[in-house]
Structure formats: structure tokens, C-alpha cells
Amino acid sequence: MSWILASLADAFSLALSFDPQLYAIIALTLKVSVTAALVSALLGATLGASVAVGKFPGRGVLIVLFNAAMGLPPVVAGLIVYLLLSRAGPLGGWGLLFTPGAMVIAQVLLITPIVAALSRQIIEDAWREYEEQLTSLGVSRARAALTLLWDTRFSLVTVGLAGLGRAMAEVGAVMIVGGNIDGITRVMTTAIALETTKGDLPLALALGVILLFIVLLLNLAAHLVREWSVRRYG
Amino acid sequence: MVEAVLGETVMADTLLTLDQVSFDGRGHRVLDAISLRLSARRTFILGPNGAGKSVLLRLMHGLLKPSAGEVCWEPVLEDRPPGMAAGAASGGGVNAKSRAAARLPRLAMVFQRPVMLRRSVLDNVAYGMAVNGVADDVRSRARDVLARVGLAHLAARPARVLSGGEQQRVALARAWALKPDVLLLDEPTASLDPHAIRAVETIISEIAAGGTAIVMTTHHRGVAKRLAGDVIFLHQGRVTEQTGAAQFFGEPVSQAGRDYLKGDLE
């Protein structure tokens, strides 16, 4: 078991070494995943609210699709985006393949269903509480959706974090569309995968520890914000 | 939707007519062929648990659609509170009324459990006004209404952290701010302490004094005794009597009403 302790020690010394290469990887990881999480939060919450409040044919099918898409394997998401962005693909002209932009697109495809499915559930529960009151006030469904988005904002932050966590943790999608190019598209997870295949397990594990630590920090911050706002706004 | 029908038989001061209204919920009949005409300014719907009081209120409001029958609100004259000297004002009755600028009455409802939006007390009141097309000085008008329910000092507080009684007063303010012709109240004093009940009662009286018709369900007989003009007594989904409050609390016409007042029906 001593190799675990050794890796932890490695992780600390690595993190404190201020190695510019490492920090570039961490920065790119955050940049790609936070962008993807923000875009997905906007898309997913809008979709979720529309499905929660809306009445239209095929609503049930859509809910099942969202829920099923939560289990979309990252490599499949990556493959789809790869095919779209490859030179012969319909969006090949954008020239995005093997750039951070492609990684953002793949992660958006991966986590939007998660945000949509979870926010749909949250907003639908809130709608159950609010429906009579809002209907009584004469609120249109579109406006009700906006009102519910605002009123469930604290829970939706948690959903956004779930999306961010998923984005930062996945490796398959960014590997395929990013290519793990050193200095351009290498992120934490692809670096870990690379070090593992190279056999440098302690370094891979050290990177893993740093990744976990970042995710932990983000969640701690969000938890505190949520606690504070729930106490403040009820 | 609520539909206005001007019939020959409708009296000039009628607010609402229910014609053979039934409602089926979860496989059993909640309300059975209810026909009634509402004209009093303060009508209380009383009856034991499960009699269908809340459902009747929701049918009146249009939140529920009747399984059979019709709910017809009478048009009111523009800027004239419903029921207020309607007979005298419309003079010739139906024909004169239909020529005037008539519109369907504005309805507002206060529920047993107030639904507070996750925003300030003031914004809760302003929200209802904004939704209903009030554009000018929404916030200062909302502040006025809050002052009238005695909550001006809580305007900036998040609504969901208030006590139950305070929340119910916010709900009343939100409804009042819409200047409704008719205010529907579903057990607004349930699960409130006596002090809060008094506060709610006072506010309802003031709203009624401003010309808004009140239709309310309650379990609190004291409240009904003090506020009611007319009583509609519901028992097992049927109206067993509709009488003046003095008559009902003095000598109810129906057996079910007598049992209810004796405390045999809960």
C-alpha cells in the first residue's frame, strides 16, 4: 500500500512544483469543462423546464430519451462529434477537430441530457407546488417555466455541478475529438490515461489526486453557496 | 373556460350560476349535479371534510373543468364592483347590461397553503400585478397593498422564511393587488393560530368592504359566523341548503346542516 502514500506525496509535490506544463493542463481542463457545463446548463435547463411545464405530444418519449441519454457513453458522444467535425463530415468546414472547441462540443453533447433530465425532475416537482397558484394568477406556461427556473435556481446549481463533474471526469469524448495533443488539447484525464499506458502509474495517480481535489473544492464552494442561499431565501 | 351567458332568467345581481355541475375525480363522484346561483357579497361554502368544498371553489375558478354541467360568471360592468347596486345600475336589466361595457369578472384565489415564490415579499405581490399587465409603479402599489395587510415592514424579506400567518397575508395582498371582482378563498385560516386567524379575517373584511365579492370555504365556524352573508352547505357532493348566514347558524334547513352545527358531522 505504500505506493498510494507515495502517490499522494507525489501529488503534493507536483501540485506545489508550479510546473507550468501541469498548470496549463489544469487550466485547459477547467476552461473546456466549465464552458461545456455553462452551455449545457443553459440548454439543459431550458429543455428541462419546457418539458416539465409543457403539454405537447411526445412529451413522455422525450423524457425517456433524456433519461436514457444520461447513460450515453463518452466515447460514443466523442465519436458522433468526431464524425460531424471530421473533414468529410457536415461540419468539417469549421475546422474544429482536435481543438478545445471540439472538446467543448463533445462534452456539451454528453452532459446536456444529464442537466435536462435532472432539471426536468426538479422543475416538475416545483410546478406541482406552484401550478394552481400560477394558473390562478393567469401566468402563461412560458412565463411559468421562467418563474420556476428562477425559483429552483439553488437546486439547478447542484445539477450544473453534476454536469461539470461529469465533464471533468470523462476521458473518452475529449480523447477522440481532442486527440490529447501536448500543449493544445491535453487535459487531466487524457494525461492520466497517457501516463498510465506509459507505465508511470505514480504520476498518473498523482494527477488523479489533483483532479479529485479540484472537483472537491468546486463542490465544497457550491455547497456553501447553496447552504447560505437556502438559509437566506428559504 | 368560464363562459358568460346572459339568460332571461338570470337576475341582475347574480354573480355566478352553476347549472347541473358534476365533478368526477379518481373514479368517484365528488360533486353531483350542483345547481346554484351566487348573489351574496360574502358567500361561505361550509360542510364536513370531503364534502367537495375545495373542488367546488376550483370549478368556480376554472382551475378544474366540470365533468358535466356549466359554470357561468355574469359579466360585470367596467370599473363597477360586482353585485354593488347592480340592479339599480343596470336599470332595464339584461338588455341594458349587455349594452354597457361588460367584461367577465376578475377572479383571484387564496389557497390553504400559500405558495410563496422564492423572492422578496414585495416581489411576490409585484409578480402577480406584472403578470396581469399592471405596468405603472408596480412596486409602489405593491408596497401600498402590503401596508394594508400590515406587512410593510417585511417587504424586503424573502417570502419563504415568513411564518405561516404572514405568508397567508402576503397571499392575500397578492390577490388584493389585482383588484379582483371576486376573491375565492380556500380554507385561508386552516393551520393558523388564533392571532393570525384574526388578522386574516380582518383583511378579508376590508377586501369585501372595497367591493370585492368573497367566496370562501372554511372549517372555522366563528369566522363563518362573523363574515358570511350567505351559506352554501355541502354534504357528500350535494348542496343541501343555501340560506342566509343568520338562518343557517340559527336554524339550518337541512338535516345535514343541523348535524354539522351540532358537531355530529366533521
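In case you missed it, the structure is sitting above this.
For clarity, every value in this text was computed on a predicted model and none was experimentally measured.

Can you help me understand the overall build of chain A in this one?
Along chain A, the regular secondary structure elements total 10 helices and 0 strands. In sequence order, the secondary structure elements of chain A are arranged as α-α-α-α-α-α-α-α-α-α. Over its C-alpha atoms, taken along the principal directions, chain A stretches across nearly 65 × 50 × 30 Å. Of all 234 residues assigned to chain A, the portion counted as buried reaches 39%. When contacts within chain A are restricted to residue pairs at least 6 apart in sequence, long-range pairs at least 24 apart make up 79% of them.

Before we go on, may I ask you to explain the sheet that holds strand 4 (residues 68-73) of chain B in this structure?
Remark on secondary structure: sheet strands pair via backbone hydrogen bonds, oriented parallel or antiparallel. Residue and element names in this part refer to chain B. The strand order across the open sheet built from 3 strands is 2-1-4, with neighbouring strands paired in antiparallel fashion. The open sheet has two edge strands, strand 2 (28-38) and strand 4, and neither has a second partner. Neighbour-to-neighbour, the strand axes of this sheet turn through a mean angle of 20 degrees, independent of strand direction. Note: strand 1 (residues 16-25) against strand 2, 7 bridges, orientation antiparallel.

Just checking my understanding: could you explain the interface of chain B and chain A for this structure?
Interfaces are frequently sized by the accessible area removed from exposure as the parts join. Taken together, the 14 residues of chain B in the interface contact 15 residues of chain A. Of all the elements in the fold, those that place two or more residues in the side of chain B that touches chain A are strand 7 (107-110) and helix 4 (121-131) of chain B. Residue classes in the side of chain B that touches chain A are distributed as 9 nonpolar, 3 polar and 2 charged.

Looking at this structure, I do not really get the nonpolar core. What am I missing?
Nonpolar side chains tend to gather and get buried jointly when the protein is soluble and globular. The biggest cluster of nonpolar side chains holds 142 residues, and the ones touching the most others in it are Ala106, Leu148 and Val177 of chain A together with Val125, Ala173 and Val215 of chain B. It is helix 5 (residues 100-137) of chain A that contributes the most residues to this core, 21 residues altogether. Those residues in contact with leucine 148 of chain A that lie beyond four places of it in its chain are Ala49, Val53, Ile123, Ala126, Trp127 and Tyr130 of chain A.

Can you walk me through the sheet that holds strand 9 (residues 213-217) of chain B in this structure?
All names here are of chain B. The strand order 7-8-9-3-10-11 describes an open sheet built from 6 strands, whose pairing is mixed. The open sheet has two free edges, formed respectively by strand 7 and strand 11 (238-244), since each of these has just one partner strand. Averaged over all pairs of adjacent strands, the angle between their axes in this sheet comes to 15 degrees, without regard to strand direction. The pairing of strand 7 with strand 8 (residues 182-186) spans 4 bridges and is parallel. Residue pairing for strand 8: valine 110 is matched across the bridge by leucine 185.

Explain the environment of glycine 69 of chain B here, please?
Residues and elements named next belong to chain B. With respect to the element layout, glycine 69 can be found in strand 4. C-alpha separation for the pair glycine 69 and valine 30, spaced 39 residues apart in sequence, amounts to 14 Å. For glycine 69, the residues in contact, after removing those within four places along its chain, are Leu18, Asp19, Gln20, Val21 and Ser22.

Would you take a moment to explain the packing of helix 9 (residues 188-198) of chain A against helix 10 (residues 201-233) of chain A for this structure?
Between two packed helices, what matters for the description is the angle formed by their axes and the separation of those axes. Residues and elements named next belong to chain A. At their nearest, the axes of helix 9 and helix 10 sit 8 Å apart, and the two run at 160 degrees to each other. Relative to helix 10, the element helix 9 is oriented roughly antiparallel. Once helix 9 is placed against helix 10, the crossing between them reads as left-handed. Contacts between helix 9 and helix 10 involve Met188, Ala191, Ile192, Glu195 and Thr196 from the former and Leu201, Leu203, Ala204, Leu207, Gly208 and Leu211 from the latter. In terms of residue class, the contact of helix 9 with helix 10 is built from 8 nonpolar, 2 polar and 1 charged.

Would you mind showing me how to read helix 7 (residues 153-169) of chain A here?
An α-helical turn contains 3.6 residues, so a residue and the one three or four places further along point in the same direction. Residues and elements named next belong to chain A. Helix length check: helix 7, at 17 residues, gives a terminal C-alpha distance of 24 Å against a target of 24 Å (1.5 Å per residue), a fit within 8%. Buried within helix 7 are the following residues: Leu156, Val159, Gly160, Gly163, Leu164, Arg166, Ala167 and Met168. Where helix 7 is buried, its residues contact helix 2 (20-53), helix 5 and helix 10.

Rules of the game
- Residues numbered from 1 in each chain as written.
- Chains lettered and ligands numbered in written order.
- Predicted model: local features only at pLDDT ≥ 70, side-chain atom pairs only at ≥ 80, totals over all residues.
- Helix = DSSP H or I, 4+ residues; strand = E, 2+ residues; numbered from the N terminus.
- Buried ≥ 20, exposed ≤ 12 C-beta atoms within 10 Å, placed from the backbone.
- Contact = placed C-beta atoms within 7 Å.
- Pairing = 2+ DSSP bridges.
- Axes fitted to C-alpha atoms, helices over the stretch in contact; angles between N-to-C directions.
- Nonpolar A, V, L, I, M, F, W, Y, C, P; charged D, E, K, R; others polar.
- Core = buried A, V, L, I, M, F, W, Y, C linked by C-beta atoms within 7 Å.
- Parallel < 35°, antiparallel > 145°, perpendicular 65-115°, else oblique.
- Left-handed = near helix turned anticlockwise from the far one by under 90°.
- Expected span 1.5 Å × (residues − 1).

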